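# A closer look at the structure
One-letter residues, chain by chain:
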Amino acid sequence: MPLVPLNGIEINYRDGGRGEDLLLVHNLTSNITGFDRNFPELSRHYRTVAADLRGHGLTTHEENEAAAAGFYTFDNMVDDQLALLDKLGIDRFYLFGQAFWGANVALHLFDRVPDRVKGLVISSTYMIINDAREKAYDALGEQAQQNFRRMHEQARTEGMMAVYQDRLASGQFWGPKVLGSPDILEAFAAAHRLTSPTAFVTIPQLSRERRAGIAAKLSARGLPLMLLLGEDETPHERKLFIDEMRADYPGTHVLLLPGAGHYPTIENPADFNRVLLDFYAGVARYGDTRADTENESDTTPEEASA
């Protein structure tokens, strides 16, 4: 996997396959190895690209907490992605973003270059506000607030493997599929080791005004967009993610994936890969796939069609 100097940092990325272009964006405490179960199948159909976000994997880390707020921003991460796309000669592309970091990088990327994004799939999140008044984890409930505050302190004082051990005990976003799989846990442990503790505690800012602006652009452009959720996500989180995304963008398609929770890319890669391929194929065939919000309903992979 190449490591290249771009946008003032070094970026580790993966590029494989032929055909139309697909960009994958991973989540917090992950990196491009989180797509190991997706890359072989997706790259059979698309030229598939993914990069370690700053603070993750082998891409540049910033460990000075005073400088981190200006380093770990969604706009900086969009700049990184655009620099890589330009280096690779990629103009228009399909896009996937995983959970809070990945989905919001993807949505900010659409906001920056809406004419270049053909279709977007996000999973396990919505545009969660994070600013001086609200923290992103506040929306997830009291228990999640306690979990994240504790894990942030552990990251600062003990490092990311203490965070990993805490998540084994608390199960924050880790459902039965994760906790019951030694292979997934081994992959998650490796990813935590390569995550900056400062990145973990530095939640990128997203204001209500910026969220509203992105939502307005989604509606104005009619971007084909699907929210993918694992059925093992908690009922509160599942309802929250759906309600908030559809409040922002009524044209959001929703699909519930069985056998997965917060991390469908690794918990149920076979169905995840097929869902992405079917959705992007539908976008290519039908173009504007804005949903009829009065008639649409949540579907499972067996009910979904391209």
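Residues numbered from 1 in each chain as written. Predicted model: local features only at pLDDT ≥ 70, side-chain atom pairs only at ≥ 80, totals over all residues. Heavy atoms only, no water.

- Going by what an unreviewed UniProt entry lists, the protein chain is known as Alpha/beta hydrolase and is assigned to Amycolatopsis balhimycina DSM 5908.

### Things to note about the pairing of strand β5 (residues 93-98)
- Counting buried residues along β5, six of its six residues qualify, which places the element largely inside the surrounding structure.
- Relative to β5, strand β3 (residues 21-25) is paired through four bridges, and the arrangement is parallel. Across the sheet, the residue bridging to L22 is Y94, located in β5.
- Each parallel crossover has a hand, and the one from β5 via helix α4 (residues 99-112) to strand β6 (residues 117-123) is right-handed. (Buried < 20%, exposed > 50% of the residue type's maximum accessible area, 1.4 Å probe, protein only. Helix = DSSP H or I, 4+ residues; strand = E, 2+ residues; numbered from the N terminus. Pairing = 2+ DSSP bridges. Right-handed = clockwise from strand over helix to strand, strands pointing away.)

### Some details on α4
- In a regular helix each residue adds 1.5 Å, so 14 residues correspond to 20 Å; α4 covers 19 Å between its end C-alpha atoms and thus fits that length.
- Counting buried positions along α4 yields 13 of 14 residues, so the element is predominantly enclosed. (Expected span 1.5 Å × (residues − 1).)

### Digging into the sheet that holds strand β7 (residues 225-230)
- Judged by pairing direction, the sheet is mixed, and its eight strands sit side by side in the order β1-β2-β4-β3-β5-β6-β7-β8 without closing on themselves. A strand with exactly one partner marks an edge of an open sheet, and here the two such strands are β1 (3-6) and β8 (253-257). Averaged over all pairs of adjacent strands, the angle between their axes in this sheet comes to 25 degrees, without regard to strand direction.
- Relative to β5, helix α13 (residues 269-286) is tilted by about 145 degrees, and along the sheet it contacts β3, β5, β6, β7 and β8. (Axes fitted to C-alpha atoms, helices over the stretch in contact; angles between N-to-C directions. Contact = heavy atoms within 4.5 Å.)

### Concerning the environment of L277
- Its location among the elements puts L277 in helix α13.
- According to the relative accessible area criterion, L277 is buried, its value standing at 7%.
- Taking C-alpha positions, L277 is 9.1 Å from Y46, a pair spaced 231 residues apart along the chain.
- Non-local contacts of L277, meaning those with residues more than four positions away in its chain, are made with E41, L42, H45 and Y46.

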